[in-house]
Structures are given as structure tokens and as C-alpha cells.
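So the chains spell out like this:
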Amino acid sequence: MSDAALPANAIEIRGLKKTYAASKKAAPKTALNGVDLVIPRGSMFGLLGPNGAGKSTLINILAGVVNKSEGQVSIWGRDIDQHPRDARAALGVVPQEIVADVFFTPREALEVQAGFYGVPANERRSDELLAALGLSDKANAYVRALSGGMKRRLMVAKALVHAPPVLILDEPTAGVDVELRRQLWTYVRKINAEGVTILLTTHYLEEAQELCDTIAIVNRGEVVACEPTGQLLRRLDTRNVVVTPEPALNEPPVVAGFEVTPRANGAFAISYKKGQSSVEQVLAAVRAAGVTIGDITTEDPDLEDVFLALTYGDATRPSPTAA
């Protein structure tokens, strides 16, 4: 299929709402409240938010596990209400929980999964996927003998048996050691470069910052930000100047007009708004406080700063829809 025949967006969500009905123990709960989200084809898209923000509900609606209350959702150009089978077939999902039949071997698990999707025997890629995810030497071992990290990689392989154009990774590296995490991301980058759209949720914010070209942040059932990663990082105009005094001070100084935070080895950090002050003004205030400056470094905000500001602070909220 030519690129012209492919949908521009892998996933489109408009006005998505989900309200769980009241029970004897709980009042009605709105998990999603009018979510608008567009995930471009071929992107590495991060979906972040605190616990209870609505991420899992959104993913479960996409996967067909939860029924939405209102709104429209399409996956690879197929509306999930009008063409549910086609929409689900375009999706591979790696859930947060490890789900595996411990009495199968990895190769058998992939063959069974491929059968569920109707993949003909001569088109199955079980050995290819096992090799790509570093599981060839475990192909005939029982799944129960695999480590937790290997089981997670097997779940990625199972999600890819039918070659879906969209892959959802829900906390895929939780509990995975550094080396296995590196191998997994190498493979994910590879398939993304080959055209697979990736939707990633993770609590490792540095992971999302490094991998994702676009990030949406969900809080209390609403999208509070959805922007290219670099643009999102520029949302905060706060910067830090880290000063190492000479000689070292027993406690941080009082610097007029600025907030001072102690750092290790006698250093301290000063936060300032880039639109209101400059590094030179900060340093002048430090000198006026009687501090001799031995060294300085500057720090720009990272994704954790932006995340905290948007979910727990009062950062200005942008348009919720990705461009």
C-alpha cells in the first residue's frame, strides 16, 4: 500500500468520555472527560499522567476491553464502533501486567497468538520475532522458566505477531533491568523507523523525554498538554543557576529577590524566570550577598519539571489537540 493510501493519523480521539456507574460502595466516577487526541502515523507518542489520571481507561477503550460512554475513536482510519474487528486488528497491545501461559514455550505462545489473528502458517514470524527480542535461546523453554524481563519481551513479540501498524506499550519496562531495557528500546526504535506507530505510557519520565517525539499529559480525565517534546519542555521559562562558592559555605546565602536551594558539597541553586531576569542579574545578586563565585552551571527544565507543573501546579494549559 502506498503512503498516499495510508491514514494521516494512526489514532484519532474526539470527545471521549467514560463514566463508571455508581455501585453500593462508590458514587459514579468520570474517568475520561471529553478527551481529544490525535496521534500521527509513524510517531513515537508518549501518554503520561499520574496514577488515576485516566491513561489505563483510554488504553482499554482502544483495546476493546472497556466500552466508552461518549465520543468517537478511530484506529488506522477504522471507527471502533462501525468497524471494531478491523480497528482491533490494526492494534498490538503490550499490557502493564505480565500475562503469559506458563505451560507454553515462547515459540508455541507466538504460534497460538498468530492463530488467534488468523495469520496463515506460511506468513508467521515467530522465530524472527524471538530473535529480534533476544529470546531465540529460550524458544523451546517453558515460559515459567523465563525471567520477568524476558516475559515482558515475549509480550512485545506476541503483540506483533499480526504485524499491526500501531503498537501500544503500557509501562513496558517496569521491573526490567537496565540491559534488557536498552535492548527493548533498540528494537522499538527500529520498528518505529520502519513505520510502526508507537503509543507509550511510562512512569520513567526521562525515558519518555528521550524516546518520544510528541507527548500528551493526562490529568483527572482531561488532556492538559499535547505538544512536540521540545516545545513542551520550553513551556516552563524557569531556569536554575547552580553556584559553587569559594570557599564553600556551611549554609546557602540569602540572595535578595531569588529563591535559593542548597546542593551537595556546599553549592546552591538559584531559580529565575528567563523572561524576568538574566544569568548576569542572578550572579550580580549573588556577589551582592557577599559570595565569591568559584564555578557556575545552568540547568534547563526537564520533563519531570513540566509534568509536575501541569499535574500538580498552575502552569498555563494549552490547546488539548495535537497539531
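Right above here is the structure, for reference.
The present account deals with the structure reproduced in this document. (Residues numbered from 1 in each chain as written. Predicted model: local features only at pLDDT ≥ 70, side-chain atom pairs only at ≥ 80, totals over all residues. Heavy atoms only, no water.)

1. Regarding the sheet that holds strand β12 (residues 259-262)
Spatially, four strands are ordered β12-β13-β11-β14 in an open sheet, and the strand pairing comes out antiparallel. Looking along the sheet, the strands with just one partner apiece sit at the ends: β12 and β14 (293-299). When the angles between neighbouring strand axes are averaged without regard to direction, this sheet yields 25°. In terms of strand pairing, strand β11 (residues 238-245) meets β14 through six bridges, oriented antiparallel. Among the inter-strand pairings, V243 is bridged to a residue of β14, identified as I296. (Pairing = 2+ DSSP bridges. Helix = DSSP H or I, 4+ residues; strand = E, 2+ residues; numbered from the N terminus. Axes fitted to C-alpha atoms, helices over the stretch in contact; angles between N-to-C directions.)

2. Remarks on unusual backbone geometry
Along the chain, E246 connects to P247 via a cis peptide bond; the corresponding omega equals 0°. Its location among the elements puts P247 in the loop between β11 and β12. Even without being a glycine, W76 presents a positive backbone phi close to 55°. Tracing the sequence through the fold places W76 in the loop between β4 (70-75) and β5 (78-79). Judged by relative accessible area, W76 falls into the buried class, the value being 12%. Positive phi is not limited to glycine here, since A163 has a value of about 50°. Along the polypeptide, A163 turns up in the loop between α5 (148-159) and β7 (166-170). Relative accessible area serves as the criterion here: at 52%, A163 is assigned to the exposed category. (Buried < 20%, exposed > 50% of the residue type's maximum accessible area, 1.4 Å probe, protein only.)

3. Describing the side chain of H162
Relative to the assigned elements, H162 resides in the loop between α5 and β7. Among the residues examined, H162 registers a relative accessible area of 15% and is labelled buried. Among the polar contacts made by the side chain of H162, one reaches the main-chain carbonyl oxygen of L91 at a distance of 3.0 Å. Sequence-distant contacts of H162, that is, excluding residues within four places in its chain, are made with A89, L91, G92, Y117 and V119. (Polar contact = N/O pair within 3.5 Å; in protein donor to acceptor, adjacent residues only side chain to side chain. Contact = heavy atoms within 4.5 Å.)

4. Details of the nonpolar core
With 45 residues, the main nonpolar core has L167, L169 and I217 as its most contacted residues. No other element matches the six residues that α5 contributes to this core. In this structure I217 touches L48, E222, V223, V224, A225, L232, F307, L310 and T311, once residues within four positions along its chain are discounted. Core analysis: the second largest hydrophobic core is formed by 31 residues, L16, L62, A90 and C226 among them. (Core = buried A, V, L, I, M, F, W, Y, C linked by side-chain atoms within 4.5 Å.)

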